[in-house]
Amino acid sequence: SQQGEEDPQALSIQEGENATMNCSYKTSINNLQWYRQNSGRGLVHLILIRSNEREKHSGRLRVTLDTSKKSSSLLITASRAADTASYFCATDANSGGGADGLTFGKGTHLIIQP
Amino acid sequence: EADIYQTPRYLVIGTGKKITLECSQTMGHDKMYWYQQDPGMELHLIHYSYGVNSTEKGDLSSESTVSRIRTEHFPLTLESARPSHTSQYLCASSALAGGPGSDTQYFGPGTRLTVL
C-alpha cells in the first residue's frame, strides 16, 4: 500500500504567496524527504528531515515533521513562477523488510500564477 | 545538476520489440534504482542494485530485467515490449548507506516510453 500521500493534489496560487503542501505516511520512518519534479523531467532532491527532527529550513523552504501524527508539511515562502512543479514526499522506511529504496506519494502539482 | 544520464529521453516503439533503457552515473555511487511513473502518479520502485553483480526486484512487479556489470552503468531491458509498458522510467543513484549523503537519491531525466 502507498506510504506517502500528499495533499492537496493540486494547488494554484499567485506569485509572492506562500504555498503549503502536506504529506502523510503510514509506517515508522528513518527520514522523510521532499523532491521536486518539473514536467517530464527527473526528480530533484530539496530537503531531508530525520525522524528525530521537527523542523528544518533551506532557503525559502521550511519542512516540519510530526512523527506522532505521521505527517510532514512543506512550506515555500514568497513563491515564484519558477516554483511551478510537482512536489513529492518520500519516506525511507524503518521496517527492516521489503524492498529497498524510497516510497513516494502521488505528489502535489503546484502552479504559481504570475 | 546531478551527474546521472538516461538515454533515450523518448522512445516510441512497436509491440514485441526488445528495448534497452540506458542509465549511467559518474558519481561513483554504489546503489542504483529504477522507478516507473505513470503521468501524474507516484513513483514505483521496480529494480535496485547495491553494487556490481547485485540486482533486486522492487515493490512493483515488472517484466523488465536489469544488469549491473559496471558500477556506473545500470541498464533496463524489456525483451518484448507491450502497450502496458508505456510509462516513464526514472533511474536514480545514491551512496551506500552510512556514507555521507547516502540518504539522498539523485535522479536522471527519465525515459518516456510509448509502446504502440
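What counts, and where the lines are drawn
Residues numbered from 1 in each chain as written. Chains lettered and ligands numbered in written order. Predicted model: local features only at pLDDT ≥ 70, side-chain atom pairs only at ≥ 80, totals over all residues. Heavy atoms only, no water. Helix = DSSP H or I, 4+ residues; strand = E, 2+ residues; numbered from the N terminus. Rg over C-alpha atoms; globule rule 2.2 N^0.38 Å. Buried < 20%, exposed > 50% of the residue type's maximum accessible area, 1.4 Å probe, protein only. Areas by Shrake-Rupley, 256 points an atom, 1.4 Å probe, with all protein chains shown as cover. Lys, Arg positive; Asp, Glu negative; His and termini not counted. Charge placed at Lys NZ, Arg CZ, Asp CG, Glu CD. Phe/Tyr/Trp six-rings, centres within 6.5 Å; stacked < 30°, edge-to-face > 60°. Lys NZ or Arg CZ within 6 Å of the ring centre and 35° of its normal. Contact = heavy atoms within 4.5 Å. Buried area = accessible area lost by both parts, 1.4 Å probe. Polar contact = N/O pair within 3.5 Å; in protein donor to acceptor, adjacent residues only side chain to side chain. Salt bridge = Lys/Arg side-chain N within 4 Å of Asp/Glu carboxyl O.

So, about the overall build of chain B. Along chain B, the regular secondary structure elements total zero helices and 11 strands. Reading the helices (α) and strands (β) of chain B from amino to carboxyl end gives β-β-β-β-β-β-β-β-β-β-β. In summary, chain B has a C-alpha radius of gyration of 14 Å against a globular reference of 13 Å for 116 residues, a match within 12%. Overall, the C-alpha framework of chain B stretches about 45 × 30 × 25 Å when taken along its three principal axes. With 116 residues in all, chain B has 50% of them scored as buried. Summed over all atoms, the accessible surface of chain B reaches about 5,400 Å², with 53% contributed by carbon and sulfur. Mean positive and mean negative side-chain charge positions of chain B (9 and 12 charges, respectively) differ by 8 Å.

Glancing now at the packing of aromatic side chains. Residues and elements named next belong to chain B. On inspection of all chains with the given rule, the structure shows seven aromatic pairs over all chains. When the centroid spacing of 5.6 Å and the interplanar angle of 90 degrees are considered together, the rings of Y48 and Y50 count as edge-to-face. Judged by relative accessible area, Y50 falls into the partly exposed class, the value being 37%. The residue whose ring lies beneath R68 is F74, and the NZ or CZ to ring-centre distance is 5.8 Å.

So, on to the interface of chain B and chain A. Each partner contributes to the interface: chain B provides 25 residues, whereas chain A provides 21 residues. Buried surface at the junction of chain B and chain A, both sides included, amounts to about 1,700 Å², of which 47% is carbon and sulfur. Per-residue buried area on chain B facing chain A is highest for E42, D103 and F107 of chain B; these three make up 31% of the total on that side. Our count for the contact surface shared by chain B and chain A stands at four residue pairs in polar contact (both at pLDDT 80 or more).

Let us now look at the pattern of salt bridges. Close approach of charged atoms allows side chains of opposite charge to pair. Per the counting criterion, the structure on display carries six salt bridges over all chains. The salt bridge involving R60 of chain A is made with D83 of chain A; its shortest N-O contact spans 2.9 Å. Residue R60 of chain A is found in the loop between strand 6 (55-58) and strand 7 (61-66), and its partner D83 of chain A is found in the loop between strand 8 (71-76) and strand 9 (85-93); the two are separated by 23 residues along the sequence. When its relative accessible area of 22% is taken as the criterion, R60 of chain A is described as partly exposed. We classify D83 of chain A as buried; its relative accessible area is 7%. Residue R70 of chain B pairs with E72 of chain B through a salt bridge whose shortest N-O separation is 3.1 Å. With a relative accessible area of 45%, R70 of chain B lands in the partly exposed category.

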